[in-house]
Amino acid sequence: MQHPSAALWRTKCALRRGCQVTPAAAKACLAPLQSAMANFAEAPVRSCLKAVFSHNADIQLGHPFGRLCGPEALYDTAYAPLFAALPDLERREMIVMAGTTPEGQDWVGIMGNYMGSFLAPWLDIPPTGHLIHMRFHEFYRLEEGKVTEMQAIWDIPEVMVQANAWPMAPQLGAFLSTPAPMTQDGLNLSGDGQAAMKRVVAMLTDLCRHPAEGGPEIMQLESHWHPRLNWYGPTGIGTARGIAGFRHWHQIPFLRGMPDRKLDAMGDLMSHWIAEGEYVCETGWPNMRLTLSGDGWMGLPPLGQEVLMRSLDFWRVEDGLIRENWVLVDLLDIYRQVGIDIFARLAEFNKARPGGSITLTNGITS
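Below you will find a few notes about this structure. The structure displayed is predicted, hence computed values, not measured ones. (Residues numbered from 1 in each chain as written. Predicted model: local features only at pLDDT ≥ 70, side-chain atom pairs only at ≥ 80, totals over all residues. Heavy atoms only, no water.)

1. Quick word on the packing of helix α2 (residues 23-38) against helix α3 (residues 42-52)
For step 1, the next point in the chain: Put simply, α2 and α3 touch, their axes get as near as 9 Å, and they point 165 degrees apart. By the angle between their axes, α2 is roughly antiparallel relative to α3. α3 is crossed by α2, and the crossing has left-handed handedness. Here α2 contributes C29, L30, P32, L33, A36 and M37 to the contact with α3, which in turn contributes P44, V45, C48, L49 and V52.
For step 2, the next point in the chain: For the contact of α2 with α3, a count of residues per class yields 11 nonpolar, no polar and no charged. (Axes fitted to C-alpha atoms, helices over the stretch in contact; angles between N-to-C directions. Helix = DSSP H or I, 4+ residues; strand = E, 2+ residues; numbered from the N terminus. Parallel < 35°, antiparallel > 145°, perpendicular 65-115°, else oblique. Left-handed = near helix turned anticlockwise from the far one by under 90°. Contact = heavy atoms within 4.5 Å. Nonpolar A, V, L, I, M, F, W, Y, C, P; charged D, E, K, R; others polar.)

Structure follows, in structure tokens:
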């Protein structure tokens, strides 16, 4: 059996020579970092970040982290505080896919959960002393064997809810630790994804026909979505089951609040799309422009203000219909754009809660 580093070296050489980058080759570039993060420790993770990322990689993370430059800033700003709060931090991946976008860029998209014992405050969220989960959607652009760009959203509100410290309106959808694909094949994807891509693009095209071209029926949800659809939305919106659940717990309040949504390739909007087998994923930073003109979405009033939305999505198609859809939206950044400081509100909560870290013994000595 060949050493993994040998395969990675050959992959990088092929990338530098300008050879066609296969999905397997792109995934191989990130494999050392994925292995180091599975059982998180500072030294190996720092080392792998430095080896996998270019020194000036453009790193775009959800609010409050923002835009960073290079792997050291990524570790110090994002990972070090998380690891301090969850000292047994681990990363569990559920979907890993790669491909070349229509524009010719090579991307890897990964969905999973960060998990660990929440023993110290993180972003002013009080610790629980229990295992917590936080979904992530992370996208990496590769050039010559190195990550030169990262776009990622961590579902920070998911941690707030578990700590009983979500300071905004309760979500309409269900709250749960987001599951892996029901087919359990998210880590072993391969094959031409063009049919799946065609289905997802057709669905989004029909969604945007309403309300300008007609009533809700013009979206033709039944022709795109599986009747047993699971739509895994971000915390603050929640998870919906079936087309009826999707409509009631997400789409109706979303369209009531922002009926003028505009997608992709408009001014500063841009998405990156890849597909493998029955899976499709997309990252946009941002990829949607909307105006808060109505009432009802996440408790926000009709401010008449335009906002830009970052949405990182994964879809799984089954029998020609979308059966599962994992969606993360940078909701904290939406609140920031309309002048609501979530973390300031959280600090008000914390005035009446004990602060500090939690120490758990081994259960034998005390």
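Next comes the rest of the write-up.
2. Description of the pairing of strand β6 (residues 146-154)
For step 1, the next point in the chain: Of all 9 residues in β6, 8 are buried, a share of seventy percent or more.
For step 2, the next point in the chain: Of the pairings in the sheet, the one linking strand β1 (residues 53-61) to β6 comprises 5 bridges and is parallel in character. Counterpart to F53 in the pairing with β6 is V147.
For step 3, the next point in the chain: Where strand β5 (residues 131-143) meets β6, 8 bridges bridge the pair, whose relative direction is antiparallel. The residue bridging R141 from the neighbouring strand is E149, located in β6.
For step 4, the next point in the chain: In this antiparallel pair of consecutive strands, β5 and β6, the connection spans 2 residues, and E144 shows a positive phi of 50 degrees. (Buried < 20%, exposed > 50% of the residue type's maximum accessible area, 1.4 Å probe, protein only. Pairing = 2+ DSSP bridges.)

3. Here we look at the pairing of strand β4 (residues 106-117)
For step 1, the next point in the chain: Buried residues dominate β4, accounting for 12 of its 12 residues.
For step 2, the next point in the chain: One ladder, built from 10 bridges, connects strand β3 (residues 90-100) with β4; its direction is antiparallel. In the strand pairing of β4, T100 is matched with D106.
For step 3, the next point in the chain: Hairpin geometry of β3 and β4 is characterised by an intervening segment of 5 residues between the two adjacent antiparallel strands and by a positive phi of about 95 degrees at G104.

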